[in-house]
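Commentary on secondary and tertiary structure
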Amino acid sequence: MAISPGSDAAFSSQNSTLSESPRTKKFPLTEEEIFYMNCRAAYLSVFKSSLENIISKDQLYLALQHAGRNPSQKTINKYWTPQTAKLNFDDFCIILRKEKPVSKAELLKSFKQLDVNDDGFILHTDLYKLLTKRGEKMTLEEINAIINLADVNADGKFDYIKFCKLYMTTNEQCLKTTLEKLEVDSKLRRQQFGSYIEGFPERDPSPRPKPSPRIVRKTDQETFSNKGDTRSPLLATTRKFKTSVSFTITMGANSNRNSKLTEPNSIKVFGWTGELGPGIYWLIPFTTGCRLRKEIQPITEEAQLVHRDETGELFLTKEFRSTLSDIFEVIDLDGNGLLSLEEYNFFELRTSGEKCDEDAWAVCRENFDTKKNELTRQGFMDLNLMEANDREGDPRDLWVTLLSMGYNKALELTEACPFVIDVYADKCKPRIKAAHMEPCSGQLEKAVCKSVLSKGDAKVMDGKENVIVHTHKCDTWITSVIENKSDDKVIIHINNELSKNCINNRGLNIFAVEVAPKSTMVCQHVMPLNERQEWIYYCVYSLIS
């Protein structure tokens, strides 16, 4: 049975399964490190290495299940579109951030709707109707597999309380087993993204010496090493790799006391002025992701989306209608108060991964309020009400839509930041048109790589002239791109441990990336942790293979 993403309760309970190594006892893992460790545990339950790619829907579904998710087909289609050929470990982590794990409370609530006697049991006949006619429909074989579970079935009844407990316990035990394997298997630890290589000293809480504000060359590394500085795991480990190259950039503190980094809940105006020749230009807004944070306060009460009146007729709640109205404003790209097919398909691609064709749009126009062949705000409301009626009031598919648009269970916009783009010109009337970017398609990555390669500083790996690290410094962040011109894939180990006052979009100071032959990839974005203080970017890139 497909169940919509729930709260973080299940994920939190999984955190306790981490075995305590000497390192975690002395320096407890951060929330971000725990998240990545759980991501790797799930990924390595399906693949031999986190450098392998997901190449099918089935693999994606299986990996998400190992991560405590139970995705519907609609959720899978959102991330695996007809244009998707593969997803990597980074893509998998992004999906896990968006799709929250299923909690015990969420499971119980789903089953309790069919518990007519409120005694913790569901008749097998009622369970069969639920699993074959509502939500993601299951096959007879799949239903029999549930009914034949001896521990949770007796006398033609399904004990859903025991089932939920068994489900959560099994998830936690699977994760615990995988994490324990990661702890003892040094070979796997060398392969995973963001892992600490075997032989790394424990993190030293004492201050490290300030690196020189220039590029550190091989002779500098030998000088440091000869001084016997055992506190630097970076210098101690570079000799284990085939070749290494390092960058050091010193950035001054932000002197403007009134400036702030943009936060999703603040209104800011940014602009660019310049001269452009005739042609078509692509404007791609994006965030580095360095300063994005998970919700601090968990949502304890789920907002109600639909309700029935005394006659049993279904209605959208006032709160849900208000949220749908806000969504309508976001997807009404030309601001004319109506949704064209093109605008509606931006919404569909984001929430379901599929487009509405001309025939389906014609049916939509026949059944819902339209004007000039475009969907009105009321028509959009009625369309969502129809979806709720099709599910007999079950709001799970509605929640998939809301979560895809960046809303949490309290109907707060916490995972998205809508924006408006206006274009002004002196001598012409420019036209601006929105273009859809497929999720996990690499379009944004290609654009960032192209920009960094044209503007950044390049440094070739010693003895590996076909592997080049490009680093571009902006006013408020640094981006590095790895270019692999060779005919073979390369694995690069990245170490940021000697950076000062820095935070990167990967959330870890040490990680590894695989770069395919004849390709480029964004390695990391780095920003200051505190923009009021000087920050030093010191990174060593080492070739593993």
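Keep in mind it's a predicted model, so treat the numbers as computed, not measured. (Residues numbered from 1 in each chain as written. Predicted model: local features only at pLDDT ≥ 70, side-chain atom pairs only at ≥ 80, totals over all residues. Heavy atoms only, no water.)

Another aspect to go through is the sheet that holds strand S1 (residues 121–123). Pairing is antiparallel across the open sheet formed by three strands, whose spatial order is S1-S3-S2. Where the open sheet ends on each side, the last strands, each with one partner, are S1 and strand S2 (153–154). As judged from the two bridges shared by S2 and strand S3 (residues 157–159), these two strands associate in the antiparallel manner. Pairing of Ala 154 across the sheet is with Lys 157, part of S3. (Pairing = 2+ DSSP bridges. Helix = DSSP H or I, 4+ residues; strand = E, 2+ residues; numbered from the N terminus.)

What follows is about the pattern of salt bridges. One pass over the structure, following the stated rule, counts twelve salt bridges. The shortest N-O distance in the salt bridge between Lys 109 and Glu 302 comes to 3.5 Å. Separated by 193 residues along the polypeptide, Lys 109 in helix H7 (residues 104–112) and Glu 302 in the loop between strand S4 (243–251) and strand S5 (306–308) bring together distant segments of the chain. A relative accessible area of 43% means that Lys 109 is categorised as partly exposed. Residue Lys 433 is joined to Glu 342 by a salt bridge in which the shortest nitrogen-to-oxygen separation is 3.8 Å. A residue pair is termed long-range when its members are at least 10 positions apart, and Lys 433 in the loop between helix H18 (396–404) and helix H19 (443–455) and Glu 342 in helix H15 (residues 341–351) qualify at 91 residues. The partly exposed category is assigned to Glu 342, whose relative accessible area is 43%. (Salt bridge = Lys/Arg side-chain N within 4 Å of Asp/Glu carboxyl O. Buried < 20%, exposed > 50% of the residue type's maximum accessible area, 1.4 Å probe, protein only.)

This part takes up the confidence of the model for the protein. For the protein, the average pLDDT comes to 77, and 77% of its residues sit at 70 or higher. Of all the helices and strands in the protein, helix H1 (residues 9–15) carries the lowest mean pLDDT, 36, while strand S11 (residues 478–484) carries the highest, 95. Throughout residues 1–26 the model reports pLDDT below 50, and contacts reaching past four residues in sequence, or to other chains, amount to 75 contacts. Here residues 186–239 is a poorly scored stretch, pLDDT under 50, and it has 104 contacts once near neighbours within four places are set aside; other chains count. (pLDDT = per-residue confidence, 0-100. Contact = heavy atoms within 4.5 Å.)

The subject of this paragraph is the sheet that holds strand S15 (residues 519–528). Pairing within the open sheet is antiparallel, and its five strands lie in the order S9-S10-S11-S15-S13. Both edges of this open sheet fall to strand S9 (457–461) and strand S13 (502–504), since each of them pairs with a single strand only. Recorded for the sheet is a direction-independent mean angle of 25° between the axes of neighbouring strands. Contacting S9, strand S10 (464–473), S11 and S15, H19 crosses the sheet at an angle of about 80° to S15. (Axes fitted to C-alpha atoms, helices over the stretch in contact; angles between N-to-C directions.)

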